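Structural description and commentary
Chain by chain, the residues:
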Amino acid sequence: LTCLETLGINSLKQGDRYFSVLTGNVCEMGQGDAFSAHSPIDGAVLSQFNNAVPEQLSSVASELQDAFKALRVIPAPRRGELVRRIGEEARKYKEELAQVISLEAGKILPEALGEVQEWIDVCDFAVGQSRMLHGLSIVSERPGHRMMEQWQPLGPVAVITAFNFPMAVWAWNAMLGLVCGDPILLKPSEKAPLCALAMYQIAQNVIADMPDIPKASVSVMIGGRDLGEAIASNPVFPLVSATGSTAMGKAVAQTVAARLGRSLLELGGNNAMIVSPTADLDLALRAIVFSAAGTAGQRCTTLRRLITHESVVDGLVERLVKSYSSLSIGNPMEEGNLVGPLIDEGSFGRMQASLAAAKEQGGEVVYGGERVTEGVPASGFYVKPAIVRIAHDAPIVQEETFAPILYVLTYSEFEDAIEIQNNVPQGLSSAVFTESMREAELFMSPAGSDCGIANVNIGTSGAEIGGAFGGEKETGGGRESGSDAWRNYMRRTTNTINYGGDLPLAQGIVFE
Ligand code: UN1
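All values reported here derive from a predicted model rather than from experimental measurement.

In this section: the overall build of the chain. For the chain, the count of helices and strands is 14 helices and 27 strands. Its C-alpha atoms give the chain a radius of gyration of 24 Å, near enough to 24 Å, the size a compact globule of 512 residues would have. If you line up the chain on its principal axes, its C-alpha atoms span 80 × 65 × 40 Å. A total of 512 residues make up the chain; the buried ones form 54% of that total. Once local pairs closer than 6 in sequence are excluded, the contacts in the chain between residues at least 24 apart make up 73%.

The next thing to look at is the UniProt feature "domain: Aldehyde dehydrogenase" (unreviewed entry) in the chain. What UniProt calls "domain: Aldehyde dehydrogenase" (unreviewed entry) maps, in this numbering, to residues 33–493. Strand forms 21% of residues 33–493 and helix 38%; the C-alpha atoms that close the span are 44 Å apart.

What follows deals with the site of the ligand. The ligand sits among Glu118, Asn164, Phe165, Ala168, Val169, Thr243, Arg299, Cys300, Thr301, Ser461, Gly462 and Ala463. Residues belonging to the shell around the ligand are distributed by class as follows: five nonpolar, five polar and two charged.

Strand order in the open sheet formed by seven strands is 16-19-20-15-14-22-23, with mixed pairing between adjacent strands. Where the open sheet ends on each side, the last strands, each with one partner, are strand 16 (364–367) and strand 23 (453–456). Between one strand axis and the next, the sheet turns by 25° as a mean value, whatever way the strands run. Along the sheet face, helix 13 (residues 414–422) touches strand 14 (271–275), strand 15 (303–309), strand 20 (405–411) and strand 22 (429–433) and points at about 145° away from the line of strand 20. Across the sheet, helix 14 (residues 437–444) touches strand 22 and strand 23, and the angle it forms with strand 23 is around 170°.

It is worth spelling out the sheet that holds strand 12 (residues 239–243) at this point. If you trace the seven strands from one edge of the open sheet to the other, you get 4-3-11-10-9-12-13, paired in mixed fashion. The open sheet is flanked by strand 4 (27–28) and strand 13 (262–266), the only strands paired with a single partner. Taken together, the two bridges between strand 3 (residues 21–22) and strand 4 define a ladder with antiparallel strand orientation. Bridge pairing in strand 4 links Val21 to Glu28. Sitting on the sheet, helix 2 (residues 57–71) is in contact with strand 3, strand 10 (184–187) and strand 11 (218–221), with an inclination near 170° to strand 11.

The next subject is helix 14. All of the buried residues along helix 14 are Glu439, Ala440 and Phe443. Each buried residue of helix 14 lies within a common arc of 100° when the element is viewed along its axis, so the set occupies one face. In helix 14, those exposed residues whose orientation departs by more than 90 degrees from the buried face are Met437, Arg438 and Glu441. Of the surrounding elements, those touching the buried residues of helix 14 are helix 13, strand 22 and strand 23.

Turning to the environment of Tyr411, a few remarks are in order. Along the polypeptide, Tyr411 turns up in strand 20. The exposure class of Tyr411 is buried, given the 21 C-beta atoms found within 10 Å. Counting along the chain gives 103 residues from Tyr411 to Thr308, while the straight-line C-alpha distance between them is 6.2 Å. Discounting residues that sit within four places of it in the chain, Tyr411 has contacts with Ile307, His309, Glu310, Asp416, Ala417 and Ile420.

Moving on, we come to the packing of helix 5 (residues 109–129) against helix 6 (residues 168–179). Where helix 5 contacts helix 6, the two axes come as close as 9 Å, and the packing angle between them is 15°. Considered as vectors, helix 5 and helix 6 are oriented roughly parallel to each other. As helix 5 packs across helix 6, the resulting crossing turns out to be right-handed. Two secondary-structure elements touch here, helix 5 through Glu115, Glu118, Trp119, Val122, Cys123, Ala126 and Gln129 and helix 6 through Ala168, Ala171, Trp172, Met175, Leu176 and Val179. Taken together, the residues of the contact of helix 5 with helix 6 sort by class into ten nonpolar, one polar and two charged.

Another point: the pairing of strand 19 (residues 386–389). Residues of strand 19 alternate between two faces, with Ala386 and Val388 on one and Ile387 and Arg389 on the opposite face, all of them buried. One ladder, built from three bridges, connects strand 16 with strand 19; its direction is antiparallel. Within the sheet, the bridge partner assigned to Glu364 lies in strand 19 and is Arg389. Of the pairings in the sheet, the one linking strand 19 to strand 20 comprises four bridges and is parallel in character. Counterpart to Ala386 in the pairing with strand 20 is Ile405.

Reading the values: rules and limits
Residues numbered from 1 in each chain as written. Predicted model: local features only at pLDDT ≥ 70, side-chain atom pairs only at ≥ 80, totals over all residues. Helix = DSSP H or I, 4+ residues; strand = E, 2+ residues; numbered from the N terminus. Rg over C-alpha atoms; globule rule 2.2 N^0.38 Å. Buried ≥ 20, exposed ≤ 12 C-beta atoms within 10 Å, placed from the backbone. Contact = placed C-beta atoms within 7 Å. UniProt positions renumbered as here; feature names shortened; annotations may be inferred. Near = placed C-beta within 6 Å. Nonpolar A, V, L, I, M, F, W, Y, C, P; charged D, E, K, R; others polar. Pairing = 2+ DSSP bridges. Axes fitted to C-alpha atoms, helices over the stretch in contact; angles between N-to-C directions. Arc of directions from axis to C-beta. Parallel < 35°, antiparallel > 145°, perpendicular 65-115°, else oblique. Left-handed = near helix turned anticlockwise from the far one by under 90°.

Rendered as structure tokens:
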């Protein structure tokens with residue numbers, strides 16, 4: 001595995017075990033249970049760790065607190081320079097970084113390269129932002145007074161990530177958090193720990209040449225659920241940013257709320273696309289296949305529900321089946337393959353259970369769903385992406401199954417399609433394919449999609465970093481990456497300054 005060698009990850013171990021606690025100053029073994037991370041490609045053991053335990057958090061937390069004291073007074077453009085150099089390193093090692101993603105998450109190389117590109121893009125965005133942490137100037141009602149608003153660094157930020165975007169999600173949070181003056185502690189998915197070490201190594205290489213930047217600004221702890229809980233309950237972290245399942249997010253949010261901390265959540269999606277009778281079906285078809293079958297259905301933005309007008313549904317399903325049958329499924333590191341493996345056997349089991357439930361609830365599997373064993377590495381869980389025709393009110397359609405299952409539903413009136421689209425607990429991404437300006441505008445209006453992302457004539461997945469990313473309801477309400485998401489990582493202060501010789505009170509109060 002030359003990519004690990006080139007990235008210098010192999011130095012982050014003792015014997016055959018990687019470190020689980022890394023703060024730039026300290027690299028330590030975890031003191032908890034041993035675990036190994038396997039490649040979904042062929043089930044091979046990729047790395048061995050010991051879980052970091054909650055007792056190991058307190059020294060890390062105090063290092064991050066010290067780091068914060070230094071980082072918060074370094075001018076933001078200098079922190080931008082740190083992120084600019086991290087972006088340069090990510091560019092330099094783009095290929096190797098993508099390989100690590102592919103090995104650990106099973107993503108096909110073009111998509112893994114795209115993920116590293118998200119990291120690079122958000123670096124550029126954050127560098128610009130580092131000179132635009134603007135506050136407001138506010139007029140005062142009092143003579144000889146002036147008011148303003150400033151944005152100040154918030155404190156150490158904990159970032160808990162999922163296996164499916166092991167680099168991009170950290171980067172959205174960390175690159176912005178760093179320019180905002182916050183040290184970042186990453187707790188990665190235990191399924192993708194080497195990605196975390198790769199990012200750590202890239203950042204530490206940069207920090208080594210910038211002695212004013214505290215090393216612990218980019219820290220990592222690898223551990224299990226108990227470590228996540230310890231992080232969520234620790235008041236050293238004013239903000240906990242968590243990406244993953246709704247169940248995990250609810251647990252984190254409640255723990256953080258109990259100490260009145262802030263959480264930034266990006267949880268499950270149950271993303272839908274409405275296909276209107278006016279739609280450009282050639283375009284829709286391409287968008288559906290990438291959104292539904294791409295990444296083997298393992299994006300939180302994956303298209304899961306296709307709400308199709310009854311007049312076009314049969315023809316569209318026929319074309320979809322044809323296009324699904326030509327998808328090359330196999331080793332994600334081999335050129336030409338478009339669908340890689342599921343992350344593990346558990347994921348395969350959940351997919352099969354959902355398909356069985358769909359059938360029980362009157363659904364018809366019109367394509368796929370079964371395991372592929374020919375022409376793919378043994379021990380990987382490769383599947384044919386499934387297409388299921390089912391009633392829109394079948395209970396299984398309410399659930400996010402993190403696998404490639406596309407439920408095809410039908411509608412007759414456009415307002416009903418919007419109703420169906422909104423009638424799930426999640427609210428991440430949505431799309432409409434239509435040539436009707438009225439339908440497109442209605443879909444994006446207050447009476448339209450209730451999701452954080454509402455697209456017209458493009459799919460539900462593959463968002464650019466410039467927009468605010470996230471969604472409503474059980475998706476958790478957070479917005480990360482572009483737009484004004486930087487404000488999550490800062491605290492707002494309101495300043496009132498008296499430059500006069502008198503002390504007039506607000507609201508005209510007389511107190512003497
Ligand atoms: C995720 O699946 O957690 O919009 C993030 C997209 C990607 C990010 C997905 N840019 O599909």
